[in-house]
Each structure stands twice: as C-alpha cells, then as structure tokens.
Amino acid sequence: LLGASAAVFFFQGDSLGFCLGAALYYLSFALDTIDGSLARLTEKTSPLGAYFDVVVDFLRSASICTALAVGMYKATGNIDALYVGFALLSVNLLHYFLGEVTTRVSGTRAAAVTDGTAGRVAGRIRRLGVVPKPFGLHDFEALCFIIAPLAGYPYEGMLLGLCLACASRLLSMILFAKRLGRSKENSPQ
C-alpha cells in the first residue's frame, strides 16, 4: 500500500509529489525488509510467501517506474522521460526474471559480483558499510526512487540508474553463464 501511495505521488509530477513519493517508497522498502527478516527470525517462511514477496516487489517497482516516468513527463514535457522510465522497468523485469531462472537452473540466486576487479571493488564497498550488496537492484531503486527525487533530479537519477542497472545485469548474466559453464565442465559425463 505504501508503494502504491508512492506511485500516486510520483505520478503528480511536481516537486512535492516527488519528495512525498520518495519518502513513502523508503517506508515501503524498509517494511519490506523488516517483514522478510521477521519471517526468517520466527521461522515462518514458506515457498508461497517467498513467491508472493517477489511478485509484490516487482509490482511495486513496476508501478513506481511507470508513475515516475509519467510524472517526469508531466513535469518537463520531455518524452525521453517516458522512454527512460519504461527502459528502467524492463531492466527491473529482467532482474526478477534472471533471479527466477538462475534459481531454477542452478539452485542458487543470480551470480553476485564476486569475480575479478568488480568483485574486489564490491568487497571494499561492502567493508566500508556503505551498502550491504553493492550493484544490486536495491541500490538502483534507492538511487532512482529516493535519492534523485529528493535531490531534485528524478530524470537524471532514472537515467543514471538505468545505465548502472544495465551494466550490472549484463555482468550478472556473464558471471552466471561462466559459473554454469564451469559447473558443466566439472560434472561427470
């Protein structure tokens, strides 16, 4: 409900709407994190609950991307805001799809940034405590849906988030394909 409310404010396309939308999205994200942690702590997790969580998270992201894109278009008249918003929506959909595919194919979540230079950079950022899992979807959503709207740059935040998300998803797909190739080489024929 908080995510849907955030979408309504983003859709308005004015500074106050962007700020209120960002605040409501933040509360929505915080409660989403808390409910998952609480379920794990109380051992009340279930496959249906996990599925429901992913679906609701995607629906929240989809509504926010759409509302922010339309709000930016209403605020600026720039049609590019719609293109960027819907491209960001596509990248989010790809993220959720990749998560499901990699879980079903390999039994693990999508390959994290752990190999090579990117892995070392991610490890350093993680040790600094800036973000728990650098280059993840939540980082891009925080940039696009909280930080940039509050700073007064929602369009630029969507554009930067789109570029970073595309690079991250591409890297994840490469790492997953590499890991899958290694596991096939090591499996008995």
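Residues numbered from 1 in each chain as written. Predicted model: local features only at pLDDT ≥ 70, side-chain atom pairs only at ≥ 80, totals over all residues. Heavy atoms only, no water.

**What about unusual backbone geometry?**
Part 1: The backbone of Glu43 shows a phi angle near 55 degrees, a positive value even though the residue is not glycine.
Part 2: As for its position among the elements, Glu43 is in the loop between helix 2 (15–41) and helix 3 (47–76).
Part 3: For Glu43, a relative accessible area of 71% puts it in the exposed group. (Helix = DSSP H or I, 4+ residues; strand = E, 2+ residues; numbered from the N terminus. Buried < 20%, exposed > 50% of the residue type's maximum accessible area, 1.4 Å probe, protein only.)

**A few points about the pattern of salt bridges**
Part 1: For the coordinates displayed, the defined rule picks out two salt bridges.
Part 2: As a salt-bridge pair, Asp32 and Arg60 come within 3.7 Å of each other at their nearest N and O atoms. Highlighted residues: Asp32 in helix 2 and Arg60 in helix 3, separated in sequence by 28 residues. With respect to class, Asp32 is no different from Arg60; both count as buried.
Part 3: Here Asp57 makes a salt bridge to Arg60, at a shortest N to O gap of 3.7 Å. (Salt bridge = Lys/Arg side-chain N within 4 Å of Asp/Glu carboxyl O.)

**Concerning helix 2**
Part 1: Helix length check: helix 2 (27 residues) gives 39 Å between terminal C-alpha atoms against 39 Å at 1.5 Å per residue, within 8%.
Part 2: Among the residues of helix 2, Gly17, Phe18, Gly21, Ala22, Leu24, Tyr25, Ser28, Asp32 and Gly36 are the ones counted as buried.
Part 3: Positive phi shows up at Glu43, right after helix 2, with a value of about 55 degrees. (Expected span 1.5 Å × (residues − 1).)

**Some points on the packing of aromatic side chains**
Part 1: Summed over all chains, the structure comprises two aromatic pairs.
Part 2: Ring geometry for Phe10 and Phe18: centres 6.4 Å apart, planes at 40 degrees, overall tilted.
Part 3: Since its relative accessible area comes to 0%, Phe10 is described here as buried.
Part 4: Looking at Phe18, the relative accessible area reads 6%, which means it is buried. (Phe/Tyr/Trp six-rings, centres within 6.5 Å; stacked < 30°, edge-to-face > 60°.)

**Here we look at a nonpolar patch on the surface**
Part 1: The grouping of Leu94, Phe97, Leu170, Met173 and Ile174 at the surface amounts to a nonpolar patch, some 450 Å² of accessible area in total.
Part 2: Elements represented by at least two residues in the nonpolar patch include exactly helix 4 (80–106) and helix 7 (154–186).
Part 3: Looking at the nonpolar patch, the element that brings in the most residues is helix 7, giving three residues. (Patch = residues over 30% accessible without salt bridge, like charges linked within 9 Å, V, L, I, M, F, W, Y side chains within 5 Å. Areas by Shrake-Rupley, 256 points an atom, 1.4 Å probe, with all protein chains shown as cover.)

**A few points about helix 1 (residues 2–12)**
Part 1: Here helix 1 has its buried residues at Gly3, Ala6, Ala7 and Phe10. Angularly, the buried residues of helix 1 cover 105 degrees about the axis, an arc narrow enough to put them on a single face.
Part 2: After helix 1 finishes, the residue Gly13 shows a positive phi value of roughly 80 degrees. (Arc of directions from axis to C-beta.)

**Notes on the side chain of Ser61**
Part 1: Tracing the chain through its elements places Ser61 in helix 3.
Part 2: Residues contacting Ser61, with those up to four places away along its chain left out, are Asn92, Tyr96, Glu141 and Phe145. (Contact = heavy atoms within 4.5 Å.)

**Some thoughts on the environment of Tyr83**
Part 1: With respect to the element layout, Tyr83 can be found in helix 4.
Part 2: Considered as a pair, Tyr83 and Ala69 are 14 residues apart in the sequence and their alpha carbons are 7.8 Å apart.

**Some words on the packing of helix 2 against helix 3**
Part 1: Contact geometry for helix 2 and helix 3: axes closest at 12 Å, N-to-C directions at 170 degrees. Between helix 2 and helix 3, the angle is such that the two are roughly antiparallel. Each of Phe18, Tyr25, Ser28, Phe29 and Asp32 in helix 2 lies in contact with helix 3, whose residues at this interface are Asp53, Asp57, Arg60, Ile64, Leu68, Gly71, Met72 and Ala75.
Part 2: Classifying every residue of the contact of helix 2 with helix 3 by side-chain character gives seven nonpolar, two polar and four charged. (Axes fitted to C-alpha atoms, helices over the stretch in contact; angles between N-to-C directions. Parallel < 35°, antiparallel > 145°, perpendicular 65-115°, else oblique. Nonpolar A, V, L, I, M, F, W, Y, C, P; charged D, E, K, R; others polar.)

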